[in-house]
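Observations on the three-dimensional arrangement
Chain residues, written in single-letter form:
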Amino acid sequence: MIVVSRHECHACEQAEADVSRICGELGVPWTTQDVDADPELRAEYGDRVPVILIDGVEHGYWKVEEARFRAALTR
């Protein structure tokens, strides 16, 4: 579970807080990746951050849809 984000991005901070809370409740490990530190991520996602990846597959972007996110993590 990865959140692709950027420093000083309010939407990214909110998504990371939501992911932290939900993953903490479910016991799911997660991490972040800085979109600006990786040219491939920057080319792929650009300004469309935060992006949530589950098992390397894009789950969503810009915000956490809690019910959908929880369902994806508990499958």
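This text follows the structure it describes.
Described in the following lines is the structure provided in the data block.

**Section: the nonpolar core**
- Core analysis: the biggest nonpolar cluster contains twelve residues, these being Met1, Val3, Ala15, Val19, Ile22, Cys23, Ile52, Ile54, Val64, Phe69, Ala72 and Leu73.
- For this core, the elements supplying multiple residues, two or more each, are helix H1 (10-26), strand E3 (51-54) and helix H3 (66-73).
- Broken down by element, this core gets its largest block of residues, four residues, from H1.
- In contact with Ala15, not counting residues within four places along its chain, are Pro50 and Val64.

**Side note on the pattern of salt bridges**
- The full count for this structure, using the stated rule, is nine salt bridges.
- What you see here is one network of salt bridges that share partners, running through Asp18, Arg21, Glu25, Glu66 and Arg70.

**So, unusual backbone geometry**
- Cis geometry marks the peptide bond from Val49 to Pro50, where omega comes out at 5°.
- Not every positive phi belongs to a glycine, and Glu8 is a case in point at roughly 60°.
- Mapping Glu8 onto the fold places it in the loop between strand E1 (2-5) and H1.
- Overall, the relative accessible area of 82% leaves Glu8 in the exposed class.
- Backbone geometry at Trp62 places phi at a positive 75°, although glycine is not the residue there.
- Note on placement: Trp62 falls in the loop between strand E4 (57-61) and H3.

**Some details on empty space enclosed by the protein**
- One pass over the structure, following the stated rule, counts one cavity of 30 Å³ or more.
- In this structure, the largest cavity occupies an estimated 30 Å³ of space.
- For the lining of the largest cavity, the leading source of residues is E4, giving three residues.
- A per-class count over the lining of the largest cavity returns three nonpolar, two polar and three charged.

**Observations concerning the packing of H1 against H3**
- Viewed as axis vectors pointing N to C, H1 and H3 meet at an angle of 40°, and their least axial separation amounts to 11 Å. With respect to H3, the element H1 is oriented oblique. At the point where H1 passes H3, the crossing takes the right-handed sense. On H3, the residues touching Val19, Arg21, Ile22, Cys23, Glu25 and Leu26 of H1 are Glu66, Phe69, Arg70 and Leu73.

Reading the values: rules and limits
- Residues numbered from 1 in each chain as written.
- Predicted model: local features only at pLDDT ≥ 70, side-chain atom pairs only at ≥ 80, totals over all residues.
- Heavy atoms only, no water.
- Core = buried A, V, L, I, M, F, W, Y, C linked by side-chain atoms within 4.5 Å.
- Buried < 20%, exposed > 50% of the residue type's maximum accessible area, 1.4 Å probe, protein only.
- Helix = DSSP H or I, 4+ residues; strand = E, 2+ residues; numbered from the N terminus.
- Contact = heavy atoms within 4.5 Å.
- Salt bridge = Lys/Arg side-chain N within 4 Å of Asp/Glu carboxyl O.
- 1 Å grid on protein atoms, 1.4 Å probe; cavity = no way out; pocket = protein on both sides within 12 Å on 5 of 7 lines; lining within 4 Å.
- Points joined across faces, edges and corners; volume = space filled by probe spheres on them.
- Nonpolar A, V, L, I, M, F, W, Y, C, P; charged D, E, K, R; others polar.
- Axes fitted to C-alpha atoms, helices over the stretch in contact; angles between N-to-C directions.
- Parallel < 35°, antiparallel > 145°, perpendicular 65-115°, else oblique.
- Left-handed = near helix turned anticlockwise from the far one by under 90°.

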